[in-house]
Each structure stands twice: as C-alpha cells, then as structure tokens.
Amino acid sequence: MTIERPGFETKAIHAGQEPDPVTGAVVPPISLATTFAQAGVGEHRGFEYARTGNPTRRALEVCLAALEGAAHGFAFASGMAAEDAVLRALVPGDHVVIPTDAYGGTYRLLSKVFEPAGITWTAADLTDMDALEAAWRDETRVVWVESPTNPALTVVDIAAVARIAHAHGGRVVVDNTFATPYLQQPLALGADVVVHSSTKYLSGHSDVIGGFVATNDGELATQLGFVQNAVGAVPSPFDCYLVLRGVKTLAVRMDRHCQNARAVVAMLAEHAAAAKVLYPGLPMHPGHGVARKQMRDFGGMVSFVCAGGEAAALAVVEETRLFTLAESLGAVESLIEHPAQMTHLSAADSPLAVDPGLVRCSVGIESVDDLVDDLRRALDTVLVREPESTGWRGTLQRRRKARDRR
Ligand SMILES: Cc1ncc(COP(=O)(O)O)c(C=O)c1O
C-alpha cells in the first residue's frame, strides 16, 4: 500500500492485499498449494511448505497486524490455538494472573492444560490495582487481560495494568476479541501481546473459526512463529480468506453494532425484568470512565442480570425469536445465551463462575426496532403480571406446564 499513514478503514481493506502480480486480481487468490517450488535447495520465493507459511495467511497476518499497530502477526486455527501459542512461552514454575471474569475457555486452558504442566495461576480483580499487586509473585510472567470481559463486560484499565506488570518485569496479554482493533488498540496502551478469536467480530459472519496474535516484541514473535509451525494449529487458506473478507467491513459493522447495542441497552435499563444492565457505555457502569479513555465506542455486547434469577434468564433466552439462542458472538446476526450453563460452564465452581441470572446478548446489525421489540417481548414474558401470582417462579412454572401440555 503506497498511502502514507493510512486510516483504519483503508488498512482493513488494503493492508497485505496488493493486486495479484500475475493476474491483477484485486482480491488475494486463495492459495491452496501445500508446497512451493524451489529453484535450488533453500532457494524459494518466501514460501516453502504451507504449514510454515501460505500467501493467503500471510495477507491476513499483515492486515490484522496493521490494524493492531503491530510489527508481527500470527494467524491460528482458533482463538484457543492463539491463546495456547502465547502461553507456550511459559515454562514450569511460571505464574499467570488472570481476571476473575474472563472467557471460560481461557480458564479451562490454564487450569486443565497448563496447570498440570506446572504453570500456576491466580485469579484477581483487574479493575483493582491493589489486587493485582497482591496477586503478583516473583514467578509471575504474564497478566492476562480481557477488556471488556466475557461475559460481565468489565472494563480493565490496560495502561494501568501495563505500568504495574512492566515495573515487575512481566508481560501483559490482552484478549481484544470483544473490542476489536477498531474500538481499542491494546499495544498502543502499553500491552505486549494482543490475542483474538477471529471467529467473532473480525470475520463477523458466523462462518469461520480462527485466532490471531499480534506483538511488537521481536523475541516473542520468533517464539510464536516457531510454535505456529511446530505445533501446526494453522488456519486453512479458505478460512484466512473469509477473515480477510470480513475485516474489510469491520469498521462499518462495529459502528452499527454499537448503535444497535445502545438502543437495546436503553430498553433494558427501563425494563423491570432486568435487575442490572452491564454495558460500558452506561454512565453508571464502574468502567465507563476507563472505557471512554481507551475505547472509541462501547461495543456490541450487552449483558444483564434477570430480576428473576436463573429461571428467568433461562426463560428469556428461550423466548427470543430474532436473537438466536446460541454460543458465540460478534456476527451480523444477533445471538443470546446463558453463560453459566453455556459458554462459561467450564468455569462453574471456580473463581470465574458466572451469576446464573446473567444473560449475554451479542447485538447484531438487523433492524434495530426488531431487535428491541424481540428482547422486550421475551422479557415481558418473565414479568409477574397477576397480583395473586406466587412470583416469577410461579409464572414460569405455569407457562412451562402450559407449554408441556401443547
Ligand atoms: C473472549 C474470547 N476469547 C477467546 C475465545 C476462544 O475463541 P475460539 O472459539 O475461536 O477458539 C472466545 C470464544 O468465545 C472468546 O469469547
């Protein structure tokens, strides 16, 4: 790309994607070759074997690294594979501080895969810098940050965490899946590594599983490249193409996700069935000030605690029609889920356990009135309407019985 200091949208559409030198194709071809001809032993044109490197994957890595303001980028077969590659820099005896609120799969990876291999961890409230200091040990190498977190939308001051971690000689890894580089750029805030589940907003259409790691640390980049090739959890060329394609519209999609989320939040804030709305864009959200400082906008993820607790939460997620009851997030279509029994089930009985009354919504880019109406109607069904009712439990039981009779 020849433009000096291109803007975000320009990079999203062009970085790593020059017209094909052979045909002039403006979209990078999906390069399916597993191996590349060599003129002599070791004499190649940048690619030898496709697990090590592939032109479509290279285009994706250059593009996403540009969006995160990183010198190095590595694409993986999933967000978990990306997280795994980052954690493989640790050796037995090393210690990690993780948030008390994070994606359940991150907790599972640490506690079920890395802990048996000798890595220790402590969960700390990363909104509280004293708690981070208290959790720090001589063996601490990494602070794992999510901001906003999955599913409680907690906002962590990335620059403040980085100051503490760096003072102790540790690294800060930020899972930027919820914010995306359009809304937040952790490396510019002082983080050392950014990880993504590109399954979510980056690809944006619920049709590809992928992961990504970005860093400006050359030594770590060498290690990541080694792990990517040695372990081989690489995305297929077609999957790389799908993420590249999705990223071209990331900025416009994110703007609409944020706009629609604001309307959904406004309705939830007024609805009696929602006891607490968790959204960093709300002025009363404890992380609102930090979010304003480190994010361009507040994102498309909205969570709320049902006044009727778990039973009400389960009823709401089963009642929506446009919001599809499904795991995952970040795509054009709206999704709704019950974290305690779905995405965060692996964190049950851990410090990362989720309130069973919590509902998580990934607000899509359908017509905003349809989204608001759908969710309002679902919430209306868990309201206690009859004065003689035994409460929402009774209402729910009667409704369930009626449904069973049908
Ligand atoms: C915040 C976050 N990080 C990482 C992951 C893991 O990504 P993947 O499902 O692509 O492996 C997820 C998945 O939901 C996530 O929500």
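Residues numbered from 1 in each chain as written. Predicted model: local features only at pLDDT ≥ 70, side-chain atom pairs only at ≥ 80, totals over all residues. Heavy atoms only, no water.

1. Examining the overall build of the protein chain
Item 1. A count of helical and extended segments in the protein chain gives 14 helices and 12 strands.
Item 2. Taken against the 2.2 N^0.38 rule, which gives 22 Å for 406 residues, the C-alpha radius of gyration of the protein chain at 22 Å falls within 12% of a compact globule.
Item 3. If you line up the protein chain on its principal axes, its C-alpha atoms span 85 × 55 × 40 Å.
Item 4. Taking all 406 residues of the protein chain together, the buried fraction comes to 54%.
Item 5. Carbon and sulfur atoms form 54% of the exposed surface of the protein chain, whose accessible area is close to 17,500 Å².
Item 6. Taking the 36 positively charged and 47 negatively charged side chains of the protein chain as two groups, their mean positions are separated by 5 Å. (Helix = DSSP H or I, 4+ residues; strand = E, 2+ residues; numbered from the N terminus. Rg over C-alpha atoms; globule rule 2.2 N^0.38 Å. Buried < 20%, exposed > 50% of the residue type's maximum accessible area, 1.4 Å probe, protein only. Areas by Shrake-Rupley, 256 points an atom, 1.4 Å probe, with all protein chains shown as cover. Lys, Arg positive; Asp, Glu negative; His and termini not counted. Charge placed at Lys NZ, Arg CZ, Asp CG, Glu CD.)

2. Considering the sheet that holds strand β10 (residues 324–325)
The pairing of strands in a sheet happens through backbone hydrogen bonds and is either parallel or antiparallel.
Item 1. What the 5 strands build is an open sheet, ordered β8-β9-β12-β11-β10; its pairing is mixed. Strand pairing shows two members of the sheet lacking a second neighbour, β8 (274–278) and β10, which therefore form its edges. (Pairing = 2+ DSSP bridges.)

3. A closer look at the packing of aromatic side chains
Item 1. Counted by the stated rule, this structure contains 5 aromatic pairs.
Item 2. When the centroid spacing of 5.5 Å and the interplanar angle of 90 degrees are considered together, the rings of Y107 and W121 count as edge-to-face. One end of the pair, Y107, is in helix α4 (residues 104–114); the other, W121, is in strand β3 (residues 120–124), and 14 residues separate them in sequence. Comparing Y107 with W121, the two get one shared label, buried.
Item 3. With a centroid separation of 6.0 Å and 35 degrees between ring planes, the pair formed by F238 and Y241 is classed as tilted. Of the two residues, F238 and Y241 are both situated in helix α9 (residues 237–247); the distance of 3 residues between them amounts to about one turn of the helix. (Phe/Tyr/Trp six-rings, centres within 6.5 Å; stacked < 30°, edge-to-face > 60°.)

4. Quick word on helix α3 (residues 79–87)
At 3.6 residues per turn, the α-helix brings residues three or four places apart onto the same side.
Item 1. With respect to burial, α3 is a largely interior element, 8 of its 9 residues being buried.
Item 2. Every buried residue belonging to α3 is among G79, A81, A82, E83, D84, A85, V86 and L87, and all of these are buried.
Item 3. Near the N-terminus of α3, the side chain that reaches the backbone nitrogen of M80, with its oxygen 3.3 Å away, is that of S78. (Polar contact = N/O pair within 3.5 Å; in protein donor to acceptor, adjacent residues only side chain to side chain.)

5. A few points about the site of the ligand
Item 1. Around the ligand, the surrounding shell holds 13 residues, and the nearest of these are G79, N150, D175, S197 and T199.
Item 2. Within the side chain of T199, an N or O atom sits 2.6 Å from an oxygen atom of the ligand.
Item 3. A distance of 3.0 Å separates an oxygen atom of the ligand from a polar atom in the side chain of K200.
Item 4. Considered on its own, the ligand offers 390 Å² of accessible surface; in the complex 92% of this is hidden by protein.
Item 5. Sort the elements by how many residues they give to the shell around the ligand and α3 lands first, with 3 residues.
Item 6. Class assignment of the residues belonging to the shell around the ligand gives a composition of 3 nonpolar, 7 polar and 3 charged. (Near = heavy atom within 4 Å. Nonpolar A, V, L, I, M, F, W, Y, C, P; charged D, E, K, R; others polar.)

6. Some points on the state of the cysteines
Item 1. All told, the structure shown has 0 disulfides when counted by the stated rule.
Item 2. Free cysteine: C306, not disulfide-bonded; nearest cysteine sulfur from C361 at 9.2 Å.
Item 3. Exposure remark for C306: the relative accessible area of 3% places this residue in the buried category. (Disulfide = S-S within 2.5 Å.)

7. Digging into the packing of helix α10 (residues 250–270) against helix α13 (residues 368–380)
Item 1. The geometry of α10 relative to α13 is characterised by a closest axis approach of 9 Å and an angle of 30 degrees between their N-to-C directions. It follows from the interaxial angle that α10 and α13 lie roughly parallel. α10 and α13 meet at a crossing whose hand is right-handed. Residues N260, A263, V264, M267 and L268 of α10 lie in contact with α13, whose contacting residues are V368, L371, V372, L375, R376 and L379.
Item 2. Looking at the contact of α10 with α13 residue by residue, the class counts come to 9 nonpolar, 1 polar and 1 charged. (Axes fitted to C-alpha atoms, helices over the stretch in contact; angles between N-to-C directions. Parallel < 35°, antiparallel > 145°, perpendicular 65-115°, else oblique. Left-handed = near helix turned anticlockwise from the far one by under 90°. Contact = heavy atoms within 4.5 Å.)

8. Some remarks on the side chain of R360
Item 1. Inspection of the secondary structure puts R360 in strand β12 (residues 358–362).
Item 2. Separated by 2.7 Å, the side chains of R360 and N150 make a polar contact.
Item 3. Polar contacts involving the side chain of R360 include one to the main-chain carbonyl oxygen of S328, which spans 3.0 Å.

9. Quick look at the sheet that holds β3
Item 1. Taken together, 7 strands build an open sheet; the order of strands is β1-β7-β6-β5-β4-β2-β3 and the sheet is mixed. Each edge of the sheet is formed by a strand with only one pairing partner; in this case those strands are β1 (72–76) and β3. On average, each strand axis in the sheet is inclined to that of its neighbour by 20 degrees, with strand direction left out of account.
Item 2. In this structure, β1 lies alongside strand β7 (residues 211–215), joined through 5 bridges in antiparallel fashion.

10. Looking at the nonpolar core
Item 1. Of all hydrophobic cores here, the largest spans 68 residues; its most connected members are L268, F304 and L375.
Item 2. In terms of residue count, α10 provides more of this core than any other element does, 9 residues in total.
Item 3. Residues within four places of F304 in sequence aside, it is in contact with L268, A274, K276, V277, L278, V316, G357, L358, V359, C361 and L379.
Item 4. In this structure, L90, A102, A221 and V227 belong to the second largest nonpolar core, which totals 29 residues. (Core = buried A, V, L, I, M, F, W, Y, C linked by side-chain atoms within 4.5 Å.)

11. Comments concerning the confidence of the model for the protein chain
Item 1. Confidence in the prediction for the protein chain averages 94 pLDDT; 94% of positions are at 70 or higher.
Item 2. With pLDDT under 50 throughout, residues 385–406 is counted as low confidence; its partners more than four residues away or in other chains account for 32 contacts. (pLDDT = per-residue confidence, 0-100.)

12. Overview of a negative patch on the surface
Item 1. On the surface, D125, D128, D130 and E133 cluster together into a patch of negative charge.
Item 2. Take D125: it is sitting in the loop between β3 and α5 (129–135). (Patch = residues over 30% accessible without salt bridge, like charges linked within 9 Å, V, L, I, M, F, W, Y side chains within 5 Å. Salt bridge = Lys/Arg side-chain N within 4 Å of Asp/Glu carboxyl O.)

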